[in-house]
Amino acid sequence: MGDSSSATFRDRLLSREEVIAWFDSRRRSLGITAGPALVWLVLLLAAPLTFMVSVSFVNVNESYQIVWQPTLANYEALFAGGGPLFQRAFVQSLVLSYAIAAVTTILCLVLAFPLAYLLARKGGRTFKVVIFLVLLPFFTMYLVRAYSWYLMFGPSGVINATLLKFGIVNEPLAMFSYGVTAIIVGLTHAYFPYMLLSLYASLDGLDYSLVEASRDLGASRTETLRDVILPLTLPGIISGSLFVFVPSLGAFVTPRFLGQGKVLMIGQLIKDRIGSLYAVGYGSAASMFIVVSIVIAFAVAFRYVSIEDLGGI
Amino acid sequence: MSGNPSDSPRTKSHQSRRAFLAATGAAGLTAAAGCIGGGGSTPTINILTWEEYANEDIKSRIEEEVGVTLEITKSTSSSNMFSSWNAGQYQQYDIAIPNNNYVPKMMDTEKDGEPMIAPVDEEAVSNFDAMYDVFQGFADSQFTANGNRYGVPIRFGWYGYSYDSRSVPDHEDSYKALFDENYVDADLSGKIVMYDNHFKAMSAAALYLGHGDAFEGSRVTLSQDQIDEVKQTLIDQKPNLQGYIAADPTYIKSLKQGNFVIGQSGRNEIVEMWSNDNDWPSMATPKEGSLAWFESAVVSSASENKTKSWEVINEYISAKNGATLAKTGFSPSVNPNTQEQLTDEQNEMYGAVDPSRLEQMIPFKAVENEDAWITAWEEVKSA
């Protein structure tokens, strides 16, 4: 009895060759390698997103329970209120969020591009030191960095206090108070490395003989930048811009610290609605505008560059 | 020896493996029995509340007195407590202690057709009768439905405004100091702060505008016209603001840094500054009325230890623990017997409150048409 069961067990065991042959199937190997990641994506990305889309089309009743009956009420509520459309809180908040994210992205690009170019051209020890110095602040917690900007800005912040101390101004400058400027500075600082590293990866792969050829053929520096360098580094520019624009659009901590409540970005608007009223339907509908705009941004990006190019190599 | 099969290394290995498995199994079963049965083990009460409630002295005293282990999660806002419980955490926590205006919302909340919070176990909360009458009355008027009470007040405070007396001259206490540029003989432009909270900021504006009667019922009832008037007042005020302050600790830091000189505030922030030898902040109690908050404990209907939970809450309003809580948060307990545990100076600052003063205050209340309030507040913030 014991012998026969051992034999059955042994029969069930696969030899090494059989295991290799089993994995040799393209479908099975794909399932084993990509399967876990796919499950992860479905559980943590697709399922919550589907739930959010669903909730944006249902209501929450007076007992704060979701009523699973389709409605467009949440989308109507986003634009409810008196006066012209552009004066509605949601519209203003959305437009402001786009504007802040766009300016942040442009600033990151403008600031990071020359540095990335220098790093790509110089390389070696200089590169390592500069990259280390740029990344050093990012080893600290994001909240700490946001709080450090909080101390820099404000009527009595470090910037205004310094200007006053040296007699450069007679009273604190409003531009260094909390608000949109402070938020943009904070976000630019927060997301600068993403742009820098994306641009560096792209510029590092650039064939600089083309730049030299352009100059030899009489193109000015500006023309070389416009007609040679920028087109060839477009994938890095696009990937860096996406990495900066997307999180800036939904920023929450930075505006909370550096806006001092006088600026209402879309993330804060959604959080306040859900916190006070448990308006998850309204919050989901508002979030859809962010999700859809990001999908559009990616679609536009992929129209010009492939996903391999977005890696900057 | 080698001829005895039972002494072979292989058999020894089998024996030790069996012994190990048996021992592990027994240990596992014992542990499982402990988990499942729970008999004789100390129950754990999970609490979602403010930082001061996690004071080690209070915690250890309550654990010893009630025979429980307290797991306290700190929260920084009542709205977070409300939304997280709504999102399902009422199953994870036994107790939450939000501001009183969130208790009616929690009473309204149903989960699977049942109320989210449980009625008070009156026998377990034996210190209830020791409370100031006014708080017993608030509990009856705000937290009672269908003959059941659902919340127990713990500690309280009130909002007015405070100012740096070195920069702002003395004046009659009135919200005009925040909204009327000519009321105080000082340039306050860009040096005012308000709370970053629709209820607190809009209520102050409503009281400034003379809409005090809207606060008289069980809920605050501003009409749409009044809400629009409040909204416009706050929009007009905005250019003079340094900002909207989100949390109480931020207020103290920012006032000390000189970022503003006058702002809507709770009395406890100023008492904390007085306690730290800062004598220059002044607290104003506006003649139009002060808004009084009182934190109130609720117990989840999903709690498996409801009676123990109410016993824990009862301990938070005992004379000794209430006094420690008052010292920790610079806010008085709802139990006047706590005064016996405090020094004269402590009583003067936060321990003893004249009951007649409490009668004049406007308690936080749930809002009748909160959707309209939020919409107006968003328009103020984005203006």
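Quick caveat: nothing in here was measured; it's all calculated off a predicted structure. (Residues numbered from 1 in each chain as written. Chains lettered and ligands numbered in written order. Predicted model: local features only at pLDDT ≥ 70, side-chain atom pairs only at ≥ 80, totals over all residues.)

Attention now goes to the domain arrangement of chain B. All names here are of chain B. Along its sequence, chain B is carved into domain 1 (44-150 + 292-356) and domain 2 (158-290 + 366-382). Between domain 1 and domain 2, the C-alpha centre-to-centre distance is 27 Å. Contact residues are listed per partner, giving twelve residues for domain 1 and eleven residues for domain 2. Those elements giving two or more residues to the side of domain 1 that touches domain 2 turn out to be α4 (103-108), α5 (133-142) and α13 (344-351). (Domains from an automatic or database assignment. Contact = placed C-beta atoms within 7 Å. Helix = DSSP H or I, 4+ residues; strand = E, 2+ residues; numbered from the N terminus.)

All names here are of chain B. Across chain B, the average pLDDT comes to 87, with 89% of residues at or above 70. Here residues 1-15 is modelled with pLDDT under 50, and outside its nearest four sequence neighbours on either side it reaches three contacts, counting other chains as well. Every residue in residues 29-39 is under pLDDT 50, and counting partners more than four places away or in other chains gives one contact. Quick note on the complex model: pTM equals 0.79, ipTM equals 0.77. (pLDDT = per-residue confidence, 0-100.)

Before going further, it helps to examine the nonpolar core. Counting residues in hydrophobic clusters, the biggest one holds 164 residues, and the most contacted among them are Met195(A), Leu199(A), Leu258(A), Ile95(B), Met106(B), Ile262(B) and Val312(B). Counting residues per element, this core draws most heavily on helix α9 (residues 180-204) of chain A, which supplies 14 residues. When residues no more than four places from it in sequence are discounted, the contact partners of Val312(B) are Ile45(B), Ile62(B), Val66(B), Val68(B), Leu70(B) and Ile95(B). (Core = buried A, V, L, I, M, F, W, Y, C linked by C-beta atoms within 7 Å. Buried ≥ 20, exposed ≤ 12 C-beta atoms within 10 Å, placed from the backbone.)

With that out of the way, let us pick up the interface of chain A and chain B. Each side of the interface is counted separately: chain A has 24 residues, and chain B has 29 residues. Ranked by residues supplied to the side of chain A that touches chain B, first place goes to helix α14 (residues 266-277) of chain A with six residues.

Let's shift gears to α14(A). Between its terminal C-alpha atoms α14(A) stretches 16 Å, which fits the 16 Å expected from twelve residues at 1.5 Å a residue. Here α14(A) lies mainly inside the structure; ten of its twelve residues are buried. Turning to α14(A), the residues buried within the fold contact α5 (89-122), α13 (253-258) and α15 (280-304) of chain A together with α3 (78-86), α7 (198-208) and α15 (370-382) of chain B. Directly after α14(A), the chain includes Tyr278(A), whose backbone phi takes a positive value near 50 degrees. (Expected span 1.5 Å × (residues − 1).)

Bringing the packing of helix α2 (residues 56-67) of chain B against helix α12 (residues 319-329) of chain B into the picture now. Each pair of packed helices can be summarised by the angle the axes make with each other and by the distance between the axes. All names here are of chain B. Two elements in contact, α2 and α12, have axes separated by 9 Å at closest approach and are oriented at 160 degrees. In terms of orientation, α2 lies roughly antiparallel with respect to α12. Read as a crossing pair, α2 and α12 show a hand that is left-handed. Contact with α2, carried on its side by Asp57, Ile58, Arg61 and Ile62, involves Asn321, Thr324 and Leu325 of α12 and no other residues of that element. Across the contact of α2 with α12, the residue classes break down as three nonpolar, two polar and two charged. (Axes fitted to C-alpha atoms, helices over the stretch in contact; angles between N-to-C directions. Parallel < 35°, antiparallel > 145°, perpendicular 65-115°, else oblique. Left-handed = near helix turned anticlockwise from the far one by under 90°. Nonpolar A, V, L, I, M, F, W, Y, C, P; charged D, E, K, R; others polar.)

So, about unusual backbone geometry. Residues and elements named next belong to chain B. Unusually for a residue other than glycine, Asp112 sits at a positive phi of about 55 degrees. On the secondary structure map, Asp112 appears in the loop between β4 (110-111) and β5 (114-115). For Asp112, a count of 8 C-beta atoms within 10 Å corresponds to the exposed category. For Phe330, which is not glycine, the phi dihedral falls at a positive 55 degrees. Inspection of the secondary structure assignment puts Phe330 in the loop between α12 and α13. Classification of Phe330 as buried rests on a count of 22 C-beta atoms within 10 Å.

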